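Chain residues, written in single-letter form:
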Amino acid sequence: MASSSKVESDSEDEALDEEVEHFDDFTLASSWERFISEIEAVCRQWMSDGPKNLLEKGAVLLEFSKNLYKVKFELKYALKSYLMEYYFEKSNTDDGKVSDWNFNLHDLQLCFGVKDFLVIAPQSASGVVLDAPESSKLLSAVAIALSNCSSLLPAFVPVHDPSRKAYIGIQNRGTVFTRRFESDHIGSQVPVKLMHLEGLYELFVSKFAYSTLDISVHLFKVHFTMKLTYRTLSFDDDNDVQETDAEMTESGGNPASDIYSKAQWDDDCPWSEWYSAEDPVKGFEVIAIWSEKMVESSSEMAELENASPHEAEKWILFPIFSENLTDGSKGNQIGFASQLHFLVDALDMSFEAQFMEDFVSVENQGPDNLTTSMVIPPPTVIDRMLKELFHEGVQEPNFAKGEHKNSRAIKGAPLESLFAQFCLHSLWVGNCNIRAIAVLWIEFVREVRWCWEESQPLPKMPANGSIDLSTCLINQKLQMLAICIESKRELNEDYQDCIGSMDQASPHKKEDDPFGEDSDSSIMLTPGENFDGKRDSPSKPDDLHGSGTTVSKFSSEPEHMVLADPKPSDCIRRGSAGVVGSMMLLKSHQRMHAPFTQDAPLMTEDMHEERLRAVEALGDSFNFSAQLEKEILSTDMSAFKAANPDAIFEDFIRWHSPGDWEIDDTQEKRPIKRLAMEDSNNDWPPCGRLSRRMSEHGNLWRKIWNDAPALPASEQKPLLDPNREGEKILHYLETLRPHLLLEQMVCTAFRASADALNQTSYGGLKQMATKMEQLYLTMAPSLRPLQANRLSSGSEIIDDLRRLCGVLEHVEKLLTVAASLHRKFLQAPRLSEAIFSDYYIFFLPRMGTASVGDNAQMDFDKKQQVRIHERPVVSNMFTLPTANQSWRKVLSMGNLLNGHEPVLREIIFSIRDRVSDHYAAHVPSVYQQEIETYRMYTCGTSNDLRVALSVVSCD
């Protein structure tokens, strides 16, 4: 860039110079002047460009600020290189000042109250001028250059050692005044007087008061504002104190048993059963701000030092978050997501063996890549986990607990189920390697077989109800096994009861009839009575005459049922649950009885598929739906015949399938329900006939009716053979291929982990609820390929699962933040919601991706203003220091908050005068303006102090 002091001669002057003797005028073209000229040219260019053009030319936004930009230019003088930087704000104002306690200020803006400014410093390792004459000369050059271009920008030069953060500076204030700046820092041995507000006030007054005055007795109108920063004790400090107390106790000090049992912050969180998470909120900073006021004496400052922070006009809260939240490389992150990474690795290795025993067998060492790092846990660990799974209560679990509305889209097992608990335990055994999982699975199956052989209830599994086909196959098998065990126990109890009753039989009973001569009447039932059919199940009263579903022997008397009328045929009626409304048998004109029937046979998903394939193989010679239900239909017919000895096929159709009983066309068509409930004396026999499909020749239902014997449910062959089905289930579990096991484990572990996290209490944080819902919607399609059993080793699906672990990890971290904030602000929910909302926006670019984009903010710096009614909640976080904490630091500053002194105290003193920017001695007051003639900024604690002074003088 050309210097403004260089003037190019025209062609005539050049010709004249050649004729006369050449002369160098060093007074006009010295290196010093060329240096000043170059600074002047750069400043003129920056001033002419303005903020808008400088932004287009590549001005850099400072990280800590949203409005402060920087441009720079390299200069050379006397074999040294200098760097001149221009700091400017995008939105300029007329006053050229900034607010005192703006949290986005540059250090020099805060120290000296300036807005746009220049900084010139040598390009060296330290970046400061260590020589006093050099710094003065450098500052003079900048001042002359700025004066030449009529710039009012302040300029600063760093001096002394870098640790002192010392600067000198100058600013042209027009034709009369010049403002000079100076700052320095005391790093140790701060004078006691300067630790207190009274001493700092007197230090400021001494800069403009006469030295002979007694400052303590004179009044000076000094403007004062203060900002105090308090910081809660971090959890690391708490742990150090606990360790110290523990050492004192061991050495014979006072007992402190409560310290040993101190609760972790997440003891009531759902994940605490599996791991303890680091508290993501490491602490808080509270910034108390006193607005500007007038102080006239040092005694007022002494009173201010004793004032409570609650008297401050404004409180600002700044949360301190753990670095591990944003930097996964720091620390060892333990959680569901980290362990699921290992489980996915185990799934990738599961294709290398035929059976789980191959991974732990001594004879067969399994795959070659099983390294010694895959440690098998000791037997004590396995025993402890099995005890937790099988022997800690057998109460029926609540599967709806913690279940999200989208949880069932994932084909796993419910969180409280046995298999889900097994999968969660597997995450923490042997770092979840394939060998450790194999050992735990083998022992798990052995324990399941023991429950089967000993007829012990299978824990954490319901022993009744239908099979939930939306869960994984292993969970279905375990639920079926639990039902088989219960059926097996009931059969054993019936057998023992039967043996006992035979031993106690009366001598007059016939030997060939163990039930006695009144056996038929002993099993004749009326509503509310009990009978021996252990496999009967309940039915709704409205369905008794129309659906053919079962009626429980344990249910009370159903609606529309009346006691059986004593008829001669009642003497051989068996298995009746009561009459069905006013329906009558067509042949005998007796009331129709609903029978106890067997439950439909339970089937798992693979049993349904096997049965469908078998039926399809039969071709079209049999009705498809009737063939599937043939066995059930036969038992229902047998039970109906036993309860209604005089019934015919048409009676069964009227009760079991009323849709197949049609009204004659000549009669007015009446609803089926009215027909069923009509009084028998009004219209008998009831008009109607079988439907076309039921009246066809060779109808399968009629054939089954003709072949079905009259047997109550208690005497029928059970539809479900518990012994056979139980052994088949155990064979399935014992011979399950490793990859099929791991596929179901991965699905279940993801679902159970999400369901466990979903139980976390985090208040009304809507973003967290939305993120949890998105997590389920992301997991469901990612895990769906595992349900098709088409996975192979090295598949791309494995990589997708690893990425899914990353998504879960980010949600898990965000959830710990939500839970921690919710617990800390139970009495001030607005603060927790506001802080979490800010952090959610900050953390959002990191969610779902392994790396953070270039535009993502690296440090969280959002602050929240604390309202008056919220201050007690915040101040309660500053617990009173214990005896072990109080001796650590001698309190030497005032303004204590619950016994905690500020970690940083910042004060601004200033004096304002009305002056005239004119040389004349007497100027009308209209031309006068109020300027800040003296300003002192102090920052520090009892161990260090930084002072920055600016003074306006008349030159």
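Because the structure is predicted, anything quoted here is derived from the model rather than measured. (Residues numbered from 1 in each chain as written. Predicted model: local features only at pLDDT ≥ 70, side-chain atom pairs only at ≥ 80, totals over all residues. Heavy atoms only, no water.)

The helix and strand inventory of the chain stands at 28 helices and 18 strands. Here the chain holds 955 residues, and 48% of them are scored as buried. When contacts within the chain are restricted to residue pairs at least 6 apart in sequence, those whose partners lie at least 24 apart make up 72%. Accessible surface, the chain as shown: approximately 48500 Å² in total, 50% of it carbon and sulfur. (Helix = DSSP H or I, 4+ residues; strand = E, 2+ residues; numbered from the N terminus. Buried < 20%, exposed > 50% of the residue type's maximum accessible area, 1.4 Å probe, protein only. Contact = heavy atoms within 4.5 Å. Areas by Shrake-Rupley, 256 points an atom, 1.4 Å probe, with all protein chains shown as cover.)

This part is about the nonpolar core. With 157 residues, the main nonpolar core has Phe-419, Trp-441, Leu-458 and Phe-825 as its most contacted residues. At 14 residues, the largest contribution of residues to this core is made by helix H25 (residues 796-824). With near-sequence residues (within four places) excluded, Phe-419 lies in contact with Ala-413, Trp-441, Cys-472, Ile-474, Leu-478, Leu-741, Gln-744, Met-745 and Thr-748. (Core = buried A, V, L, I, M, F, W, Y, C linked by side-chain atoms within 4.5 Å.)

Summarising the element assignment, Leu-139 is placed in helix H4 (residues 132-148). Put simply, Leu-139 and Pro-158 are 19 residues apart on the chain and 10.0 Å apart in space, counted from C-alpha to C-alpha. Aside from chain neighbours lying at most four places away, what touches Leu-139 is Ala-155, Val-157, Ile-168, Gly-169 and Ile-170.

This part takes up the packing of aromatic side chains. By convention here, two paired aromatic rings are described through the distance between centres and the angle between planes. With the rule as written, the count across this model stands at 40 aromatic pairs. Between Phe-35 and Tyr-77 the ring centres are 4.8 Å apart and the planes differ by 20°, which places this aromatic pair in the stacked class. Taken together, the residues Phe-35 in helix H2 (residues 31-56) and Tyr-77 in strand E2 (residues 68-77) connect sequence positions 42 residues apart. In this structure Phe-35 comes out as buried when scored by relative accessible area, which is 2%. Their ring planes at 75° and their centres at 5.5 Å tell us that Phe-640 and Phe-652 sit as a pair that is edge-to-face. (Phe/Tyr/Trp six-rings, centres within 6.5 Å; stacked < 30°, edge-to-face > 60°.)

An α-helical turn contains 3.6 residues, so any two residues separated by three or four positions project in the same direction. Every buried residue of helix H8 (residues 298-305) is accounted for by Ser-298, Met-301, Leu-304 and Glu-305. What you see down the axis of H8 is that its buried residues fit within an arc of 105°, all on one side. (Arc of directions from axis to C-beta.)

A rise of 1.5 Å per residue sets the reference length of helix H23 (residues 738-758), with its 21 residues, at 30 Å; its end C-alpha atoms lie 30 Å apart and thus fit the reference within 8%. H23 sits mainly inside the fold: 19 of its 21 residues count as buried. (Expected span 1.5 Å × (residues − 1).)

Another aspect to go through is unusual backbone geometry. Even without glycine at this site, His-160 takes up a positive phi of about 65°. Along the chain, His-160 turns up in the loop between strand E5 (155-159) and strand E6 (166-172). The exposure class of His-160 is partly exposed, given its relative accessible area of 37%. Of note in this structure, Lys-460 is not a glycine but carries a positive phi near 60°. Structurally, the position occupied by Lys-460 is in the loop between helix H12 (434-453) and helix H13 (473-503). Lys-460 sits in the buried class, given a relative accessible area of 14%.

Okay, the environment of Glu-901 next. In this structure, Glu-901 sits in the loop between helix H28 (883-886) and strand E16 (904-916). The class for Glu-901 is buried, based on a relative accessible area of 8%. The spatial distance from the C-alpha of Glu-901 to the C-alpha of Leu-228 is 9.2 Å, given a sequence separation of 673 residues.

Take the pairing of strand E12 (residues 591-595) next. Of all five residues in E12, four are buried, a share of seventy percent or more. Linking strand E11 (residues 576-584) to E12, which pair antiparallel, is a turn of six residues; within it His-589 sits at a positive phi near 60°. (Pairing = 2+ DSSP bridges.)

A separate point is the side chain of Arg-751. Inspection of the secondary structure assignment puts Arg-751 in helix H23. On the accessibility criterion, Arg-751 (0% relative accessible area) is buried. Here the side chain of Arg-751 touches Ile-410 through a polar contact of 3.1 Å, landing on its backbone oxygen. Those residues within four positions of Arg-751 in sequence are excluded, and the remaining contacts are Glu-403, Ser-407, Arg-408, Ile-410, Gly-412, Ala-413 and Pro-414. (Polar contact = N/O pair within 3.5 Å; in protein donor to acceptor, adjacent residues only side chain to side chain.)

Here the focus is the pattern of salt bridges. A complete count under the given rule lists 39 salt bridges for this structure. Note that Glu-725 and Arg-724 form a salt bridge whose closest N and O atoms lie 3.6 Å from each other. One salt bridge connects Arg-830 with Glu-870, and the closest N-O pair in it is separated by 2.9 Å. Linking Arg-830 in helix H26 (residues 829-843) with Glu-870 in the loop between strand E15 (864-866) and helix H27 (871-875), this pair joins segments that are 40 residues apart in sequence. Since its relative accessible area comes to 24%, Arg-830 is described here as partly exposed. The exposure class of Glu-870 is buried, given its relative accessible area of 2%. Ionic contacts of the salt-bridge type, sharing partners, join the residues Asp-345, Asp-348, Asp-799 and Arg-802 into one network. (Salt bridge = Lys/Arg side-chain N within 4 Å of Asp/Glu carboxyl O.)

Attention now goes to the packing of helix H24 (residues 766-787) against H25. Axis separation between H24 and H25 bottoms out at 10 Å; the angle between their running directions is 165°. Between H24 and H25, the interaxial angle falls into the category roughly antiparallel. Along this stretch, H24 crosses H25, giving a crossing that reads as left-handed. Within the contact between the two elements, H24 uses Met-768, Lys-771, Met-772, Leu-775, Thr-778, Met-779, Ser-782, Leu-783, Pro-785 and Leu-786 and H25 uses Ile-797, Leu-801, Leu-804, Val-807, Leu-808, Val-811, Leu-814, Leu-815 and Ala-818. Residue composition of the contact of H24 with H25, grouped by class: 16 nonpolar, two polar and one charged. (Axes fitted to C-alpha atoms, helices over the stretch in contact; angles between N-to-C directions. Parallel < 35°, antiparallel > 145°, perpendicular 65-115°, else oblique. Left-handed = near helix turned anticlockwise from the far one by under 90°. Nonpolar A, V, L, I, M, F, W, Y, C, P; charged D, E, K, R; others polar.)

Once that is clear, we can look at the packing of H23 against H25. Two numbers describe a pair of packed helices, the interaxial angle and the distance between the axes. Orientation of H23 relative to H25, taken along the N-to-C sense of each, is 15°, at an axis distance of 11 Å. Taken together, H23 and H25 sit at an angle that is classed as roughly parallel. Here the hand of the crossing between H23 and H25 comes out left-handed. Contact residues: H23 offers Val-746, Phe-750 and Leu-757, while H25 offers Leu-801, Leu-804, Cys-805, Leu-808, Glu-812 and Leu-815. Residue composition of the contact of H23 with H25, grouped by class: eight nonpolar, no polar and one charged.

Residues of the chain with pLDDT of at least 70 account for 74%, and the chain-wide mean is 79. Of the regions scoring below 50 in pLDDT, residues 18-22 engages in zero contacts with residues more than four places distant in sequence or in other chains. Long-range and interchain partners of residues 505-570, a stretch whose pLDDT sits below 50, account for 117 contacts in this model, where long-range means more than four residues apart. (pLDDT = per-residue confidence, 0-100.)

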